[in-house]
Amino acid sequence: MKHYIIVKFTEGTDFRALSGPVRRIFEETLSIPGVRGVDVRLSNSERPNRYDMMIVMDMDKEALSAYDVSAPHLRWKSEYGDLVAKKTIFDCD
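Below is a summary of the structure that appears in this document.

Calculation rules
- Residue numbering note: each chain is counted from 1, following its sequence as written.
- Only residues with pLDDT of 70 or above have their local features reported here, since the model is predicted, and side-chain atom pairs are shown and tallied only from 80 upward, although totals for entire chains, interfaces and linings are computed over all residues.
- Side-chain measures here rest on the full set of heavy atoms in the structure, leaving out hydrogens and waters.
- Strands here mean DSSP runs of E at least two residues long; helices mean DSSP runs of H or I at least four residues long; both are numbered from the N terminus.
- Radius of gyration here uses only the C-alpha atoms, and the compact-globule reference equals 2.2 Å multiplied by the residue count raised to the power 0.38.
- Exposed residues in this analysis have more than 50% of their type's maximum accessible area, buried residues have under 20%, and partly exposed residues fall in between, with area computed by a 1.4 Å probe over protein chains only.
- Residue contacts are counted whenever heavy atoms from the two residues lie within 4.5 Å of one another.
- All tallies of charge rest on Lys and Arg as positive and Asp and Glu as negative; His and the ends of each chain are not included.
- The salt bridge definition used is simple: a Lys or Arg side-chain nitrogen within 4 Å of an Asp or Glu carboxyl oxygen.
- For two strands to pair, DSSP has to find at least two bridges joining them.
- To get an axis, fit a line to the C-alpha atoms, keeping to the stretch in contact for a helix; angles then go from 0 to 180 degrees between the N-to-C directions.

Describing the overall build of the protein
Here's step 1: The number of helices and strands found in the protein is three helices and four strands.
Here's step 2: The linear arrangement of helices and strands in the protein, starting from the amino end, is β-α-β-β-α-α-β.
Here's step 3: Taking 12 Å as the expected radius of gyration for a compact globule of 93 residues, we find that the protein reaches 13 Å, a close match to that expectation.
Here's step 4: Burial analysis of the protein (93 residues in total) assigns 37% to the buried set.
Here's step 5: Intrachain contacts of the protein at a sequence separation of at least 6 include 75% that bridge at least 24 residues.

Written out as structure tokens, the structure is:
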């Protein structure tokens, strides 16, 4: 399945500068059995009604539970949670 995390950061956050550190955190999830790929994409639009970053994970459905309690996921939430104004999570086949 694909697991999408689509993020709008708080106003004034330099999300482009965060892309490297965020990418490194999510690359650690590749060690979770069933997680096959991670891609971090940045918006190419500066419009205020657009989200800033999209994280796409390719994983088995069964890997989602392990991801939820993993160190990288918990670190993402603790280090960047305060910078997130809005977030959308979408899972699909």
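Regarding the side chain of Lys-8
Here's step 1: Here Lys-8 shows up in strand S1 (residues 2-9).
Here's step 2: There is no salt bridge for the buried Lys-8, and the closest opposite charge comes from Asp-52, which lies 4.2 Å off by N-O distance.
Here's step 3: Contact partners of Lys-8, with chain neighbours within four places excluded, come to Arg-47, Pro-48, Arg-50, Tyr-51, Asp-52, Leu-83, Val-84, Ala-85 and Lys-86.

A word on the sheet that holds strand S3 (residues 53-59)
Here's step 1: One open sheet holds the four strands; their spatial order is S2-S3-S1-S4, and the pairing between them is antiparallel. The open sheet has two edge strands, strand S2 (35-42) and strand S4 (84-92), and neither has a second partner. In this sheet, adjacent strand axes meet at a mean angle of 15° when their direction is disregarded.
Here's step 2: The sheet contact formed by S1 and S4 spans eight bridges and is antiparallel. In the sheet register, Ile-6 faces S4, and the bridge partner there is Thr-88.
Here's step 3: In the packing of helix H1 (residues 15-27) onto the sheet, the strands contacted are S1, S2 and S3, and the crossing angle to S3 comes to about 15°.

Section: the pattern of salt bridges
Here's step 1: Summed over the entire model, instances satisfying the criterion amount to seven salt bridges.
Here's step 2: When the shortest N-O distance is used, the salt bridge between Arg-36 and Asp-58 registers 3.2 Å. A residue pair is termed long-range when its members are at least 10 positions apart, and Arg-36 in strand S2 and Asp-58 in strand S3 qualify at 22 residues.
Here's step 3: On the accessibility criterion, Arg-36 (47% relative accessible area) is partly exposed.
Here's step 4: Between Arg-41 and Asp-39 there is a salt bridge, and its shortest N-O distance comes to 2.9 Å.
Here's step 5: Residue Arg-41 is classed as partly exposed on the basis of its relative accessible area, which comes to 47%.

With respect to the pairing of S1
Here's step 1: In this sheet, S3 lies alongside S1 in antiparallel orientation, the contact comprising six bridges. In the sheet register, Lys-2 faces S3, and the bridge partner there is Asp-58.

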